[in-house]
Amino acid sequence: MNKIDPITLEVIRNRLIAASRDIRRTVEWAAYSPILYEVIDFSCAILDAEANLVAETPGLPIFLANLSYSVRCTYDTIGRENLKPGDVIICNDPYNGGGTHCPDIVVLCPAFHKGQIVGWAAFRGHTVDMGGIHPGGWFSDTTEIFQEGFRLPPVKVWIEGKPNEDVLRLIRNNSRVPDSVLGDIRAMIAGVRTAASRFDEIIAKFGLDTLQAAIGEILKQGETMARASLSRLPKGEYFAETVLDGDGNDDAPLSQKLLLKLKITIQEEKMIVDFTGTSPQSIGPMNTPEPTTISAVRYGFKIITTPFLPSNEGAFWPLEVIIPDGSILKPRYPAACSMWPTPITTIPDLMLKALAEAIPDKVRAGHFGDSMANFIYGTDPRTGRYYVCSEGDAGGYGGQYNRDGASAFFSMSLGDTYNMPVEVAEIRFPFSVEYFELAQDSGGPGKHRGGLGIRRDYRMIDHDGGMTVTTDRVIYTPPWGLFGGKEGRPSITKIFRADGKEESWRKVSNLPLKSNDIISLQTGGGGGYGSPLERDPQLVLQDVSNGYISLRSAEDDYGVVINAQKFEVDNHATQKLREQKKSVQEG
């Protein structure tokens, strides 16, 4: 392979990154659904001909590492020799090309030069409905993949530059909101076709040999930097486990107390993450296909090793992942897996917990630990058309050794996504937003406080509908604290019925809603880091002033007495109260 000078290397590296950004821009401009153009529930990547990740744009990190899997499945299913210039591939089958669940659509476009594949433009994003037993494609009560929606193995949605109308008709016939879904898929196709054309431009300017040399060097640098980072970490074996609540509806559970267990072995230039001992696959849909489990581990690995550097396949070559076959992290077909994000959202958290004693300055306490996925649907009385509103919700991250946790961030599995603005929600859907605020006292008390969750309330207007919500880490493992920090408050969904009744739900599928019912989505906060009795009393006063914590929490959790009339810290009373609390703890 030809050598490449560093300036040309950086030019090509950034042109490949820009190509992945072209996918994102195109989808944001052309998509029909807020889940794509507002929430950015997708990832974009450029891969080489052998399916190695070369460049990315910010998006869902949990999607990026399994786009390589989608390309490999395309080779296995269609055949490399049967791919032609102008072809575009689509798939969503969790067991063949998808790797997540049915609503997540993968669109791939091969780039050709002189009849040979030289790379791929890849996209994976959420569509609002691909069929299944309830609207939205995300359920807590399915027991096999056949219930979860229309599945496509890798197939050609464009053939040599022309749309494959047969496939598009099949998709239309299997979605409750086909106009939105097909509009989104057309945006995806436009995005990857645009990005794939950038290979032609790079080759025209620099030549194929130079491009391939640059890709080889990008991967090599990723590996070198990851190994160098590993060499600086304390060597040894580290353990952590947690118990997930389970699946099914709250009033009809399918599986309960699912164990997520890992061992991390750090060697000189290698990390092994072993999930031996994790629970067998769930009866319900709380199973994660293997490619996405690997993606979650890669996410945690990246946090620990090279968090500020661009991702590529080489950066993960020093990582080995061991997953028991037939477990919730590597289920056997045809296990249901619509709730795939729930187990893997906790994996990066658990990796940081395992390594907390070894690298206390690189970890944080537990975050709220769930994508807080929710789906509201019905017939819009303004138009008479069926709608599906698909969202996640942001919550709190854990405190760190030198700072408080972030508030109102999306979960680790959702990464660089955004909330749907109030204005968009109220225009696009037949409900009003009654509350959207940070949730007081949701962050775990600590020397460095956990970040806060949020409360967002929707009121159904002039129609009945339905809702699905799936929330975990509520019962057995709320967001944990570290080094004396306390737990964050877990997530919950409340329904304030129009007749005055109140309900609380962790998980429920297809819950009937009536006009004027209020859905209150309340996310958890992050865990605290360090003893709350060591927090600067002035920071506690500031938190009370900002509404982040209550006067009661200031006294009960932090041992800080605040004069409510003068709104200042009573230093003498605070010192005395903290001494009493420390004495009780030590006794």
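Here the structure is shown first, and the text comes after it.
Residues numbered from 1 in each chain as written. Predicted model: local features only at pLDDT ≥ 70, side-chain atom pairs only at ≥ 80, totals over all residues. Heavy atoms only, no water.

### Digging into the packing of aromatic side chains
- In total, this model carries 12 aromatic pairs according to the counting rule given.
- Aromatic pair W138 and F375: ring centres 5.6 Å apart, planes at 50°, arrangement tilted. Highlighted residues: W138 in the loop between β5 (116-126) and β6 (155-159) and F375 in strand β12 (residues 373-379), separated in sequence by 237 residues.
- You can call W138 buried: its relative accessible area is 7%.
- The buried category is assigned to F375, whose relative accessible area is 1%.
- Here the aromatic rings of F146 and Y333 are separated by 6.0 Å at their centres, their planes lie at 80°, and the arrangement is edge-to-face. Residue F146 is located in the loop between β5 and β6, and its partner Y333 is located in the loop between β11 (319-322) and α9 (341-354); the two are separated by 187 residues in the primary sequence. (Phe/Tyr/Trp six-rings, centres within 6.5 Å; stacked < 30°, edge-to-face > 60°. Helix = DSSP H or I, 4+ residues; strand = E, 2+ residues; numbered from the N terminus. Buried < 20%, exposed > 50% of the residue type's maximum accessible area, 1.4 Å probe, protein only.)

### Overview of the pairing of β6
- As paired elements, strand β3 (residues 88-91) and β6 share 3 bridges and run antiparallel to each other. Considered in β6, the bridge of I90 is made with V155.
- Hairpin connection, β6 to strand β7 (residues 162-163): the antiparallel pair is bridged by 2 residues, and E160 has positive phi, about 50°. (Pairing = 2+ DSSP bridges.)

### As for unusual backbone geometry
- The omega torsion of the bond from Y333 to P334 falls at 5°, within 30 degrees of zero and hence cis.
- Mapping P334 onto the fold places it in the loop between β11 and α9.
- Residues other than glycine seldom take positive phi values, yet E160 does so here, at roughly 50°.
- If you trace the backbone, E160 turns up in the loop between β6 and β7.
- Unlike most non-glycine residues, K257 shows phi in positive territory, near 50°.

### A few points about the sheet that holds strand β19 (residues 507-513)
- Within the open sheet, the 4 strands sit side by side as β13-β12-β16-β19. Their pairing is antiparallel. Both outer strands of the open sheet, β13 (386-391) and β19, are each paired with one neighbouring strand and no more. For this sheet, the mean angle separating the axes of adjacent strands, direction not counted, is 10°. (Axes fitted to C-alpha atoms, helices over the stretch in contact; angles between N-to-C directions.)

### Some thoughts on empty space enclosed by the protein
- Evaluation of the coordinates by the stated rule reveals 2 cavities of 30 Å³ or more.
- By volume, the largest cavity is sized at about 150 Å³.
- Around the largest cavity, the lining comprises 20 residues; the ones closest to its centre are D41, H126, W138, G392 and L414.
- For the lining of the largest cavity, the secondary-structure elements that each account for two or more residues are β12 and β13.
- For the lining of the largest cavity, the residue count by class is 11 nonpolar, 6 polar and 3 charged.
- Its boundaries defined by the atoms lining it, the second largest cavity holds a volume of some 40 Å³.
- Lining the second largest cavity we find R13, I17, V54, A55, I218, P310, S311 and N312.
- Elements supplying a minimum of two residues to the lining of the second largest cavity: α1 (6-30) and β2 (53-57).
- Residues that form the lining of the second largest cavity fall into these classes: 5 nonpolar, 2 polar and 1 charged. (1 Å grid on protein atoms, 1.4 Å probe; cavity = no way out; pocket = protein on both sides within 12 Å on 5 of 7 lines; lining within 4 Å. Points joined across faces, edges and corners; volume = space filled by probe spheres on them. Nonpolar A, V, L, I, M, F, W, Y, C, P; charged D, E, K, R; others polar.)

### Notes on helix α11 (residues 537-546)
- Within α11, burial applies to V540, L541, D543 and V544. Projected onto a plane normal to the axis of α11, the buried residues spread over an arc of 160° and lie on a single side.
- The inward-facing, buried residues of α11 contact α12 (551-556), β21 (562-563) and β22 (568-569).
- Two residues or fewer after α11 comes G547, characterised by a positive phi angle close to 85°. (Arc of directions from axis to C-beta. Contact = heavy atoms within 4.5 Å.)

### Points about the pairing of strand β4 (residues 104-113)
- Counting buried residues in β4 gives 9 out of 10 residues, a clear majority hidden from the surface.
- Relative to β4, β3 runs antiparallel, the two being bridged by 3 bridges. What sits directly across from C91, in β4, is V106.
- Bridge analysis of β4 against β5 gives 10 bridges, and the strand direction is antiparallel.

### Quick notes on the sheet that holds strand β14 (residues 431-438)
- In space, the 5 strands of this open sheet follow the order β14-β15-β20-β17-β18, with antiparallel pairing throughout. The sheet terminates laterally at β14 and β18 (502-505), the two strands that pair on one side only. In this sheet, adjacent strand axes meet at a mean angle of 15° when their direction is disregarded.
- Inspection of the sheet shows β14 paired to strand β15 (residues 454-460) by 7 bridges, in the antiparallel sense. Looking at β15, one finds that S432 is bridged to R459.

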